[in-house]
Amino acid sequence: SDVFALIGPAFTIAMLGAIESLLSAVVADGMTGHQHNSNQELFGQGLANIVCPLFGGIAATGAIARTATNIRQGGTSPLAGLVHCVFLVLVLFFLAPFAANIPLASMAAILFVVSYNMSDVPNFIRLIRVAPRADSLILLITFFLTIFTDLVVAVNVGVVLAILQFMRKMVFSVDVHAIHHTEIEPQFQKELEHHPEMLVYTIEGPLFFGAVSAFERSLAHIDKDPKSLILRFESVPFVDLSGLKMLNEIVKHLQKRGIEVYLCEANPQVRRHMYRAGLFRTLGRKHLWRKFSTALEKCEADLAEKNKHKEK
């Protein structure tokens, strides 16, 4: 029963440890001119935090205050951290009785100074002034939650707000619009100019659940009914299940209106997801192409075939 109660705090501690360690590494990079390996840093920290509790230890992270102090005194190699560790062990074993007599008031004053130096107040004020309004608001909310509640609540709320803000930006980055024949590559302009019954749409941005509504509105409300519609996926970096399901429904809706739909220029990952989602069964195998030129040729051939049948 304790596992469920401890999952939340454990996740928060892991997030805090990762964030603090990476921040320490970034600060150290700026002071030393070196470049840290984030994967190596987090892997080492995770391994240490798995072993530490077996010996009664608590979660460990890279500390900005001691890292900066080490570097200022000339300690720029991993050996400096090991020396610091050995010194702390010696203090605990041999100087603990003397450390117990240090007044807590003096320790509190030292912590105030260390906290102020770590907070970097001038940089905090500058960030509030120059950062986008939404990011500044998230920073202030996290800051005040840290003061009036605790760090666990503040980090959880801050991470969730940052994720929601990122999703909001991604939604607004999605753009679906028709391409006029004069805006397309020169070698394809004549074909589109001679075939006004063909319509080309380009999709820019990720096709995920947050952008479903914007994408659906753009495609489902095409003003005129062309005979053929080519969708260019060249600028779509990824898709998710919701986006593929919605795309499948839109294709079915367009087909009911008598519009042939062709998809092209999707990257290998997006194309693989389309095949796995069964989109080719709705489109037909000859309606999903890697190149725009191939899709255009197939579209022209199908239009010519339809015109022949009408003439007969």
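In case you missed it, the structure is sitting above this.
The shown structure was predicted, so the numbers you read here are calculated from the model rather than taken from an experiment.

## Quick look at the packing of aromatic side chains
Two aromatic rings, taken as a pair, are described by how far apart their centres are and by the angle between their planes.
Then, in step 1: Counting across every chain of the model gives 5 aromatic pairs.
Then, in step 2: With centroids separated by 5.6 Å and ring planes inclined at 40 degrees, the aromatic side chains of Y275 and F280 adopt a geometry described as tilted.
Then, in step 3: Through a chain of ring-to-ring contacts, the aromatic side chains of F124, F143, F144 and F148 assemble into a single cluster.
Then, in step 4: When the ring centre of F292 is taken as reference, the NZ or CZ atom of R232 above it lies at 4.1 Å.

## Digging into the nonpolar core
Then, in step 1: In terms of nonpolar packing, the biggest core is built from 31 residues, with F215, L231, F233, L247, L263 and M274 touching the most fellow members.
Then, in step 2: Put simply, the parts of the chain that give this core at least two residues each are strand 2 (198-204), helix 11 (212-220), strand 3 (228-235), helix 12 (241-256), strand 4 (260-264), helix 13 (268-276) and helix 14 (279-283).
Then, in step 3: Counting residues per element, this core draws most heavily on helix 12, at 6 residues.
Then, in step 4: Excluding residues that lie within four positions of it along the chain, L263 makes contacts with L231, F233, L247, M274, L279, L283, H287, L288 and W289.
Then, in step 5: Membership of the second largest hydrophobic core comes to 14 residues, among which are I179, I230, Y262 and C264.

## Some words on unusual backbone geometry
Then, in step 1: Here the phi dihedral of E265 falls at roughly 70 degrees; this positive angle occurs in a residue that is not glycine.
Then, in step 2: Its place among the elements puts E265 in the loop between strand 4 and helix 13.

## Description of the pattern of salt bridges
Then, in step 1: For the structure shown, the criterion picks out 3 salt bridges.
Then, in step 2: Residue D302 pairs with K298 through a salt bridge whose shortest N-O separation is 3.2 Å. Note that D302 and K298 are positioned in helix 15 (residues 292-311) at a spacing of 4 residues, about one turn of the helix.

## Topic: the environment of M198
Then, in step 1: Assignment of secondary structure puts M198 in strand 2.
Then, in step 2: Take M198: its relative accessible area is 6%, and that puts it in the buried class.
Then, in step 3: Expressed as a C-alpha distance, the spacing of M198 and C299, which sit 101 residues apart in the sequence, is 8.2 Å.
Then, in step 4: Aside from chain neighbours lying at most four places away, what touches M198 is E191, L192, S228, L296, C299, E300 and L303.

## Considerations on the packing of helix 7 (residues 121-130) against helix 8 (residues 133-148)
Then, in step 1: For the pair helix 7 and helix 8, interaxial distance at closest approach is 8 Å and the crossing angle is 140 degrees. One way to sum up the angle between helix 7 and helix 8 is to call them oblique. Counting all contacts with helix 7, which are made through F124, L127 and I128, the residues of helix 8 involved are S136, L139, L140 and F143.
Then, in step 2: For the contact of helix 7 with helix 8, the per-class residue count stands at 6 nonpolar, 1 polar and no charged.

Rules behind the numbers
- Residues numbered from 1 in each chain as written.
- Predicted model: local features only at pLDDT ≥ 70, side-chain atom pairs only at ≥ 80, totals over all residues.
- Heavy atoms only, no water.
- Phe/Tyr/Trp six-rings, centres within 6.5 Å; stacked < 30°, edge-to-face > 60°.
- Lys NZ or Arg CZ within 6 Å of the ring centre and 35° of its normal.
- Core = buried A, V, L, I, M, F, W, Y, C linked by side-chain atoms within 4.5 Å.
- Buried < 20%, exposed > 50% of the residue type's maximum accessible area, 1.4 Å probe, protein only.
- Helix = DSSP H or I, 4+ residues; strand = E, 2+ residues; numbered from the N terminus.
- Contact = heavy atoms within 4.5 Å.
- Salt bridge = Lys/Arg side-chain N within 4 Å of Asp/Glu carboxyl O.
- Axes fitted to C-alpha atoms, helices over the stretch in contact; angles between N-to-C directions.
- Parallel < 35°, antiparallel > 145°, perpendicular 65-115°, else oblique.
- Nonpolar A, V, L, I, M, F, W, Y, C, P; charged D, E, K, R; others polar.

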